[in-house]
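An overview of the molecular structure
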Amino acid sequence: MSLLEVYDMSHAYGDKTLYKNVHFELYKGEHLGVVGQNGTGKSTLISILTGETIPDKGSIKWQSNINIGHLDQYAEIQSNETIQHYLQSAFTEAYELEREIQRMYEQSSITGNEAYLLKAAEVQERLDALDYFSIDSSINKVVYGLGLDAIGIHRPIQKLSGGQRTKVILAKLLLEKPDVLLLDEPTNFLDKEHVDWLAHYLSLSKQAFIVVTHNFEFLEAIATSICDIEGETVRKYYGKFSEFLKQKAHLREDHVRQFNAQQKKIEKTEAFIRKNKAGVNSRIARGRQKQLDRLERIAPPTFVSNPSICFRETPLTAQVVLKVNRLEVGYEKPLLPKMNFVITGAQKIVITGFNGIGKSTLLKTLVGIIPSVSGGFRFAEQVRMGYYEQDLKWDNDDLTPIQILSEKYPRMTVKDIRRHLSQCGIKEAHVMQAIRTLSGGEQSKVKLCRLLLSECNVLVLDEPTNHLDAETKNALQKALMQFAGCVILVSHEPIFYQEWADRVIDIEGFVK
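Residues numbered from 1 in each chain as written. Predicted model: local features only at pLDDT ≥ 70, side-chain atom pairs only at ≥ 80, totals over all residues. Heavy atoms only, no water.

1. Some points on the overall build of the protein chain
A tally of helices and strands in the protein chain yields 17 helices and 21 strands. Considering only C-alpha atoms, the protein chain reaches an extent of 110 × 70 × 40 Å along its principal axes. In the protein chain, once contacts between residues fewer than 6 apart in sequence are set aside, the share between residues at least 24 apart is 71%. Carbon and sulfur atoms form 48% of the exposed surface of the protein chain, whose accessible area is close to 26,000 Å². The protein chain carries 63 positive and 64 negative side-chain charges, and their two centres are separated by 10 Å. (Helix = DSSP H or I, 4+ residues; strand = E, 2+ residues; numbered from the N terminus. Contact = heavy atoms within 4.5 Å. Areas by Shrake-Rupley, 256 points an atom, 1.4 Å probe, with all protein chains shown as cover. Lys, Arg positive; Asp, Glu negative; His and termini not counted. Charge placed at Lys NZ, Arg CZ, Asp CG, Glu CD.)

Pasting the structure below:
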């Protein structure tokens, strides 16, 4: 019996149809990955499954009394608790049972009534079933696995960054062990070793889960089936992600072959009709026309073309591009010890380190968004900088992508703006929507497009691959490889930069 049945489901956002007459099921213990280009409706699908969004048509049926855990890619916690107390709240029932046992013992001691001891024994059995004495061990396992130990579990949640809070929410979900996990981009704020730990944890899990992710190495490790969203359909494939890619490629080839064969047949038939509609074979021609009218036409291939990304470069001849001298970064208090390093020529530098250590703070200091705590740095005079900030924040989130670019580049025509947005993979249907209504991937593409239109010779990029689909990520990777200037990149995806990075600066080395 299935845990979930999606039947004849259709849904549109504005004028754009996301899915039409979709049907699929989720079974007990199934590990389902959801893939598709940005804007196809992956996060919306999760929202429909949680009941936050009502589909235009069809039904979503969960098995009765099912317990669902949900991680949103924009997850937030409003809490004054410490990380430790928040994680312990995953075991509220067990702690309450422990307190109840203590009350039973106290009452037995006061009254001498053995009935309290019998009741305590019954409660103890329930407590043992919840594995109460392994709670601390379970918490520590997840804390170290997701890197929360580096943050400090006694730290108040209010003092955490958005990415750190997402990790805390994920940790609690894993500890709660719901019947089904719905995870939207769970790896976005995890370092590689923590992604590997999560992949191992989920691959061994007996829980059913549905995961939206653009991290295909992660997906290969955890998924037993794939739902692919493309062209208003949700098609389910069984097997690992690599097997899905082969199946999809075969189906695409078969679709193209059948479409081309049908088009040739239609053209041949139409030529016969034109030639014979008024001659001795007019009766046959009319019959052929009726056959054409009744023919169920194969839809033309609608496979999405890959984005085209190219940075506007200005010359960079300086030998020393950036010199950092005893620089301390942070907010009032330094996050890291004093740093000294030099970036020369057209080097491509990657800055790594665990989440929360101060990588983004360092970049914000270098681009002048926040002041340094002490020390200094100096860019070469000829440097023209382009900066990509990972946070999806907008001065006015009611503006459309066209308005955002028009505001930045007022001399550019709307036609040219549409063309550049299209080259970055933004669909025509989305360029006139408020930016807040777009998916994380689409918003990231708008930010990337805005950067591409500025002339620069030094790129400072903070986690630019977060939220991006595989096609855009590959296009960005090629663009950075071809960029003749200097690149300073923060990234948690070695597979993205290993091929072209000249140097990796592990920021944890400054802490030791």
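Now, onward.
2. A short note on the side chain of Ser 205
With respect to the helices, strands and loops of the structure, Ser 205 is situated in the loop between helix H8 (192-203) and strand S7 (208-212). Since its relative accessible area comes to 13%, Ser 205 is described here as buried. A polar atom in the side chain of Ser 205 sits 3.0 Å from the backbone nitrogen of Gln 207. (Buried < 20%, exposed > 50% of the residue type's maximum accessible area, 1.4 Å probe, protein only. Polar contact = N/O pair within 3.5 Å; in protein donor to acceptor, adjacent residues only side chain to side chain.)

3. What about the pattern of salt bridges?
Per the stated rule, a full pass over the model turns up 19 salt bridges. A salt bridge links Glu 230 to Arg 252, with the shortest nitrogen-to-oxygen separation between them at 2.5 Å. Separated by 22 residues along the polypeptide, Glu 230 in strand S8 (residues 225-230) and Arg 252 in helix H10 (residues 241-276) bring together distant segments of the chain. The network of salt bridges with shared partners includes Asp 228, Glu 230, Lys 248 and Arg 252. (Salt bridge = Lys/Arg side-chain N within 4 Å of Asp/Glu carboxyl O.)

4. What to know about a negative patch on the surface
Together, Glu 122, Glu 125, Asp 128 and Asp 131 make up a negatively charged patch on the protein surface. According to the relative accessible area criterion, Glu 122 is partly exposed, its value standing at 49%. (Patch = residues over 30% accessible without salt bridge, like charges linked within 9 Å, V, L, I, M, F, W, Y side chains within 5 Å.)

5. Thoughts on the packing of helix H5 (residues 135-145) against helix H7 (residues 162-176)
Where H5 meets H7, the axes come as close as 10 Å, and the angle between the chain directions of the two elements is 140 degrees. By the angle class used here, H5 and H7 are oblique. Pair H5 / H7 crosses with right-handed handedness. Packed against H5, whose contacting residues are Ser 138, Ile 139 and Val 142, the element H7 presents Ala 171, Leu 174 and Leu 175 at the interface. Tallied by class, the residues present in the contact of H5 with H7 amount to 5 nonpolar, 1 polar and no charged. (Axes fitted to C-alpha atoms, helices over the stretch in contact; angles between N-to-C directions. Parallel < 35°, antiparallel > 145°, perpendicular 65-115°, else oblique. Left-handed = near helix turned anticlockwise from the far one by under 90°. Nonpolar A, V, L, I, M, F, W, Y, C, P; charged D, E, K, R; others polar.)

6. So, the sheet that holds S8
Taken in spatial order, the 6 strands line up as S5-S6-S7-S3-S8-S9 in an open sheet, and their pairing is mixed. Looking at the sheet topology across the chains shown, the edges are occupied by strand S5 (68-71) and strand S9 (233-238). With direction set aside, neighbouring strand axes in the sheet form an average angle of 15 degrees. Two elements, S5 and strand S6 (residues 180-184), share 4 bridges in a ladder whose sense is parallel. Paired with Leu 71 across the two strands is Leu 183, which belongs to S6. (Pairing = 2+ DSSP bridges.)

7. Re the side chain of Gln 390
Assignment of secondary structure puts Gln 390 in the loop between strand S17 (385-388) and helix H13 (401-408). A relative accessible area of 18% places Gln 390 in the buried class. Of note is the side chain of Gln 390, whose polar atom sits 3.0 Å from the side chain of Ser 360. With sequence-adjacent residues up to four places away left out, Gln 390 is seen in contact with Phe 189, Ser 360, Lys 447, Asp 462, Glu 463 and Asn 466.

8. Observations concerning unusual backbone geometry
Of note in this structure, Asp 8 is not a glycine but carries a positive phi near 50 degrees. By secondary structure assignment, the location of Asp 8 is in strand S1 (residues 2-13). Despite not being glycine, Arg 326 shows a phi value in the positive range, around 50 degrees. Note that Arg 326 resides in strand S11 (residues 320-328).

9. Considerations on the sheet that holds strand S21 (residues 503-506)
Note: strands within a sheet are paired through backbone hydrogen bonds, in either parallel or antiparallel orientation. Read from one edge to the other, the open sheet built from 5 strands follows the order S17-S19-S20-S15-S21, with strand pairing classed as parallel. The open sheet has two free edges, formed respectively by S17 and S21, since each of these has just one partner strand. Each adjacent strand pair in this sheet contributes to an overall mean axis angle of 15 degrees, direction not counted. Bridge count for strand S19 (residues 458-462) against strand S20 (residues 486-490) is 5 bridges, and the pairing is parallel. Among the inter-strand pairings, Val 458 is bridged to a residue of S20, identified as Cys 486. In the packing of helix H15 (residues 440-452) onto the sheet, contacts are made with S17 and S19, and the angle to S17 comes to roughly 175 degrees.

10. A look at a positive patch on the surface
Positive charge collects at one region of the surface, where Arg 283, Arg 286, Lys 290 and Arg 294 lie side by side. By the secondary structure assignment, Arg 286 is in helix H11 (residues 282-294).

11. Some details on the packing of aromatic side chains
Overall, the coordinates contain 9 aromatic pairs when judged by the stated rule. Here the aromatic rings of Phe 216 and Phe 241 are separated by 4.7 Å at their centres, their planes lie at 15 degrees, and the arrangement is stacked. Of the two residues, Phe 216 sits in helix H9 (residues 216-222) while Phe 241 sits in helix H10, which places them 25 residues apart along the sequence. Overall, the relative accessible area of 24% leaves Phe 216 in the partly exposed class. A relative accessible area of 7% places Phe 241 in the buried class. Taking the centre distance of 6.2 Å and the plane angle of 85 degrees together, the rings of Phe 377 and Phe 379 count as edge-to-face. With relative accessibility at 30%, the residue Phe 377 sits in the partly exposed group. Residue Phe 379 is classed as buried on the basis of its relative accessible area, which comes to 15%. An aromatic cluster is present here, built from Phe 216, Tyr 237, Phe 241 and Phe 244 joined pairwise through their rings. Across from the ring centre of Tyr 86, 4.6 Å away, lies the NZ or CZ of Lys 172, which sits over that ring. (Phe/Tyr/Trp six-rings, centres within 6.5 Å; stacked < 30°, edge-to-face > 60°. Lys NZ or Arg CZ within 6 Å of the ring centre and 35° of its normal.)

Fair warning: the whole summary comes from geometry, so function is off the table for now.
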